[in-house]
Structures are given as structure tokens and as C-alpha cells.
Amino acid sequence: MISVREANNIILNSTQDFGVEEIPFIKSVGRILKEVITADRDFPPFNRVSMDGICIDFDAFKNGQRDFKVEGIQAAGSEQLSMQNAKNCIEVMTGAVLPNNANTVIRYEDVTIKNGIATINIDLINENQNVHPKGKDGKVGDVLISENKIISAAEIGVLATVGKSLVKVAKLPKVMIVSTGDELVGVDEIPLEHQIRRSNVFTLVSLLERLNISSETAHIIDDKSVLKQKIKRFLKEFDVLLFSGAVSKGKFDFLPEVLEELEVEKRFHKVAQRPGKPFWFGENKDCKVFAFPGNPISTFVNCLAYFYPWYSKSVGLEIEEETAILGEDVSFKPNLEYFLQVKLESKYGHLVAFPIKGNGSGDLASLVKTDAFIQLPNDKTEFKKGEVFSIIRYR
Ligand SMILES: Nc1nc2c(c(=O)[nH]1)N[C@H]1C(S)=C(S)[C@@H](COP(=O)(O)OP(=O)(O)OC[C@H]3O[C@@H](n4cnc5c(N)ncnc54)[C@H](O)[C@@H]3O)O[C@H]1N2
Ligand code: MOO
Ligand SMILES: [Mg+2]
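The numbers attached to residues start from 1 for each chain and follow its sequence in the written order. By the order in which they are written, chains take letters starting at A while ligands take numbers starting at 1. In keeping with the predicted nature of the model, local features appear solely for residues at pLDDT of at least 70, side-chain atom pairs appear and are counted solely at 80 or more, and the whole-chain, interface and lining totals rest on all residues. Only heavy atoms go into the side-chain values, all of them from the structure, while hydrogens and water stay out.

- Going by an unreviewed UniProt entry, the protein carries the name Molybdopterin molybdenumtransferase and comes from Polaribacter reichenbachii.
- Word for word, the UniProt comment on the protein under Pathway (unreviewed entry) is "Cofactor biosynthesis; molybdopterin biosynthesis."
- UniProt positions are given in the numbering used here, feature names are shortened, and annotations may be inferred rather than shown by experiment. Within the UniProt record for the protein, the comment given under Catalytic activity (unreviewed entry) is "adenylyl-molybdopterin + molybdate = Mo-molybdopterin + AMP + H(+)".

See the structure below:
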């Protein structure tokens, strides 16, 4: 049985490039940028007036002049005017180009205009005030967004400004999520005494939605030939298959043998961890297969611990590691890495993780009470309050 670290290394060494596609920028929120976005012109592209008022040549004011004849009006969106006389002024609007031969803007609030003459009512003004200078925020060719950034509303505004109506993003993988098991019925059905409603597929769909990946789902009964026939087709049609269930030692846990018969190369089966131990991972040249153990918390934690980093690395995202302070002593004897459910609290700016005891990996309702898993390594058995460990958050 391999360790969590070894399993992670194997998975991160078999990432997949899904390619790049070009899509309308407004559809790109949540997607991963696959090009560098540079300024197509200076930011701002001209000396931009930033207050409604009048513009003057500061020297005139410095020489004591307070009354200025109004030469004209410079509106936003109009071509640049030139002030004909350095002792005059032009009315200017926010967003307009600053007229030639002027350098300073005084707000309407500080000016009285009567009979075509603007009188400045204040004594303190600064040269160049209320002008947002050309190129102050960025120069043409400057990198505004680097590659591999997740596009959010902030990036959308920049894309629009530089005229990127089409943008290159990482293609999304085609993912099929499959549950197995004769005991499982649909969400809308009334289960018989010996049945339960299936939940793992929906949890997995939702965990993938957080990564902006939409997926298809299927359910397969515990029948080896049906499994084989369906999976054969899925292997051809999808980049990634996520399974839950049928990977342990039971008489109907056919998945590992079916996958191997279909020539999916096994990379490992079973990881020294709890929960999630019977995890099976393999691949062929076109498809990766993550076969998670069926117990709901096992499926859940393994998707976070293995699929998330695998996908992040595949598309060029940084894998973020987070830690928290253990909030109370924990004792764990088995020689397994322990993914312990915790409730997170922020105390004096530090994240503290308080263990919440559930009833094992079948107790999916306990996930509602926790926020994350704290990862307690298997090189010791006693973990002390105040020690720091990695966490995997799911909210
Ligand atoms: N003899 C042994 N038995 C088991 C071992 C072992 O090492 N030796 N490992 C245990 C561990 S740990 C886990 S985890 C489970 C994994 O079992 P499988 O992956 O084979 O999953 P199933 O047998 O199909 O189901 C297990 C459990 O999970 C429920 N389940 C499955 N799919 C769903 C679903 N889509 N939604 C909700 N619940 C689901 C299923 O009803 C079972 O209760 O094996 C242990 N046994
Ligand atoms: O993965 Mo199993 O759920 O360790 O209990
Ligand atoms: Mg089983």
C-alpha cells in the first residue's frame, strides 16, 4: 500500500493537457486564461480630465489672474481642443481630453461663471490638479493579466478595455461521473428497507462545479458484464472518469478487474489513509480513471485530495496549500494518514481547526457540520493542540 504523498506524486505526474480554445470574453468568467493580456495603448490613453470644471494654464493663476474668459467647452468623447489664449479657460467635463495649452483643472464648485467669464474663488490650487495623466496606470505593451489566471469580473473589465472580444482559455475536460451499486435508487424514488438514495454522484458533480467543470453522470448496477460494456464506451468518449464504489474487497466490487480487463493501466490501488483507503487510480492514453471508494466521505475527501490538485496542475493553476492550528489533542493509532473532519474558526487572525467526531466514512450528514479535513500524517499517533497541519477546505 502506498502513502498519500506517493499517491499524490503519481497523480501529479500524469496530468493531461486539454488544449486551448478561443471563446467570447463575456463567457469566460471562471475559466483559466491561456494568453498574456497586454495594454493595447497607454492607460489612460490621453491626459484625462477627472473633474467637471474649467481648465487653465497654471502660470496665469500663479501670476495672480483670477478671471478667465471662457473659450469653449471640451466634452468627453470630443476631439481635443486647443486653448487659443493662455489667459483664457475652457470648460471641461470628466472623461474629456485635456485641451492643448492647459494643464490644470478647477472644479465648478470653486468657480463662478457669469457673462462668459469664470472667476476662481479659491486661493490654493496645484499645477496639474484634477488631471489623470496619459500612461499613469500603464504603458502600451505592459502586461495587465498574466497567463493561467482565473478570469473574474476584474479581468473582464480589462479584457473589454483592451478590445479582447475573443479570449484564449483552457479547454474543459469531458468528465463522466459514475456511481455503482444495486442498493442505490434515484433521488425522487422511495427507497425500500434495504435501499438508499444515491448521493455520491451529486456530491461529485457539485465539487466539480466549484472548479467550473460540468460533467455527465451515469449509474451502473453491480453486474460485471454491464459494467464492462458501459465503461468501454465511456473510456472512448471522456477525458476523465470518476467512479464511486465497487473498489474494495466485496463479492460485487468488480471495478478494479473490469478496468484492468479494459486495459486501463493501474497506477495504484489502496492508499495508507483513512477514510478513502481503497482508492484505485489508472489511465490509458486518452483517459484518466479515478475510482473512489463508495463510502460518501471517502469519495468526498479523495475528490478534494486527488482530483482537485490533478486538475489544477493539468490546467496550469497553482496548487494552494493551506494550514491550520489543531484546536485540541487528537490520538490516532492506525498506521494511516488521517483526514480528520474539522470545523474552522478564526482566532486572533489564525485559523484554528476543531475536530468534529462523526461515525466513520458512511456518516455523510457529518460533512454538514464541518468545513475542512485536517491532514494528520502517519508518522506519529499523538497530535497536540497548537500543532500546525495541512488542511483541505471544502467551504
Ligand atoms: N473486507 C473489507 N471490507 C472493506 C474494506 C476493506 O479493506 N476490507 N474497506 C472498507 C472501506 S475503507 C471502504 S471506504 C469501503 C469501500 O467500498 P467500495 O468502494 O467497494 O464501495 P461499495 O461497496 O460499493 O459501497 C460502500 C458503501 O458506500 C455506499 N455508497 C456507494 N455508492 C454510493 C453512492 N453513490 N451514494 C451513496 N452511498 C454510496 C454503499 O451503499 C456502501 O454502504 O469498503 C469497506 N469494506
Ligand atoms: O475509506 Mo474507508 O471509508 O476508510 O472507511
Ligand atoms: Mg464494496
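**Description of the site of ligand 1**
Reasoning step 1: In the region of ligand 1, 20 residues are neighbours, and E183, S199, S248, D253 and G294 sit closest.
Reasoning step 2: In this structure, an oxygen atom belonging to ligand 1 sits 2.5 Å away from a side-chain N or O atom of E183.
Reasoning step 3: At a separation of 3.1 Å, an oxygen atom of ligand 1 approaches a polar backbone atom of A246.
Reasoning step 4: For the area figures, the Shrake-Rupley method with a 1.4 Å probe applies, and any residue is considered shielded solely by the protein chains shown. Surface burial for ligand 1 is 70%, taken as the share of its 870 Å² of free accessible area covered by protein chains.
Reasoning step 5: Per-class residue counts for the shell around ligand 1 are six nonpolar, 10 polar and four charged. The criterion for a residue being near a molecule or strand is simple. One of its heavy atoms has to lie within 4 Å of it. Definition of a polar contact: a pair of N or O atoms within 3.5 Å, with one able to donate and the other able to accept a hydrogen when the atoms are protein atoms, and with sequence-neighbouring residues admitted only if both atoms are side-chain atoms. Gly is placed with the polar residues, together with every amino acid not listed as nonpolar (Ala, Val, Leu, Ile, Met, Phe, Trp, Tyr, Cys and Pro) or charged (Asp, Glu, Lys and Arg).

**Quick word on helix 4 (residues 200–209)**
Reasoning step 1: Burial classes: relative accessible area under 20% of the type maximum marks a residue as buried, over 50% as exposed, and values in between as partly exposed (1.4 Å probe, protein chains only). By definition, any uninterrupted DSSP run of H or I lasting at least four residues is a helix, any uninterrupted run of E lasting at least two residues is a strand, and each is numbered from the N terminus. Within the sequence span of helix 4, burial applies to N200, V201, L204, V205, L207 and L208. Projected onto a plane normal to the axis of helix 4, the buried residues spread over an arc of 165° and lie on a single side.
Reasoning step 2: Those residues of helix 4 that are buried lie in contact with strand 13 (175–180), strand 16 (215–220), strand 17 (240–244), strand 21 (288–292) and helix 7 (296–315). The arc refers to the directions leading from the helix axis to the C-beta atoms. Contacts are residue-level and defined by heavy atoms, with any inter-residue pair within 4.5 Å sufficient.

**A word on the coordination of the magnesium ion (ligand 3)**
Reasoning step 1: Because water is not among the atoms used, a metal site may look incomplete, as its donors are only the N, O and S atoms within 2.8 Å, or 3.2 Å for Na, K and Ca. Of the protein atoms, only D253 (OD) and D253 (OD) coordinate the magnesium ion (ligand 3), at distances of 2.4 to 2.6 Å.
Reasoning step 2: With respect to the secondary-structure elements, D253 resides in the loop between strand 17 and helix 6 (255–261).

**Some details on the sheet that holds strand 21**
Reasoning step 1: Taken together, six strands build an open sheet; the order of strands is 16-13-17-21-20-18 and the sheet is mixed. Since the sheet does not close on itself, it has two edges, and those belong to strand 16 and strand 18 (265–269), each with one partner. With strand direction ignored, the average angle separating the axes of adjacent strands in the sheet is 20°.
Reasoning step 2: Direction of pairing for strand 17 relative to strand 21: parallel, over a ladder of five bridges. Bridge pairing in strand 21 places V240 opposite K288.
Reasoning step 3: Here the axes come from fitting lines to C-alpha atoms, over the contacting stretch only for helices, and the angles between their N-to-C directions go from 0 to 180 degrees. Docked against the sheet, helix 1 (residues 4–12) engages strand 18, strand 20 (280–283) and strand 21, running at close to 155° with respect to strand 18.
Reasoning step 4: In the packing of helix 5 (residues 224–237) onto the sheet, contacts are made with strand 13, strand 16, strand 17 and strand 21, and the angle to strand 16 comes to roughly 165°. Think of it this way: DSSP has to see at least two bridges between two strands before they count as a pair.

**Comments concerning the domain arrangement of the protein**
Reasoning step 1: Those domain boundaries reflect an automatic or database domain assignment. Domain annotation of the protein identifies domain 1 (4–18 + 172–314), domain 2 (21–42 + 136–170), domain 3 (48–132) and domain 4 (322–393).
Reasoning step 2: One C-alpha centre belongs to domain 2, the other to domain 4, and the line joining them spans 39 Å.

**With respect to the pattern of salt bridges**
Reasoning step 1: Each salt bridge in this description consists of a side-chain nitrogen of Lys or Arg and a carboxyl oxygen of Asp or Glu lying within 4 Å of one another. In this structure the tally under the stated criterion is 20 salt bridges.
Reasoning step 2: We note a salt bridge from R267 to E283, for which the minimum N-O separation is 2.7 Å. You can see R267 sitting in strand 18 and its partner E283 sitting in strand 20, a full 16 residues away along the chain.
Reasoning step 3: The partner of E387 in a salt bridge is K380, with the nearest N and O atoms 2.9 Å apart.
Reasoning step 4: Here the salt bridges share partners, and the residues they tie into one network are K224, K228, E257 and E261.

**Comments concerning the sheet that holds strand 7 (residues 104–107)**
The strands that make up a sheet pair up through hydrogen bonds in the backbone, lying either parallel or antiparallel.
Reasoning step 1: Read across the open sheet, the six strands follow the order 7-4-6-5-9-8; overall the sheet is mixed. Pairing within the sheet leaves two strands with one partner each, and these edge strands are strand 7 and strand 8 (111–114). Strand after strand, the sheet turns through a mean of 40° between neighbouring axes, direction not considered.
Reasoning step 2: The sheet contact formed by strand 5 (residues 67–74) and strand 9 (residues 117–120) spans three bridges and is antiparallel. Along strand 9, the bridge assignment pairs D67 with T119.

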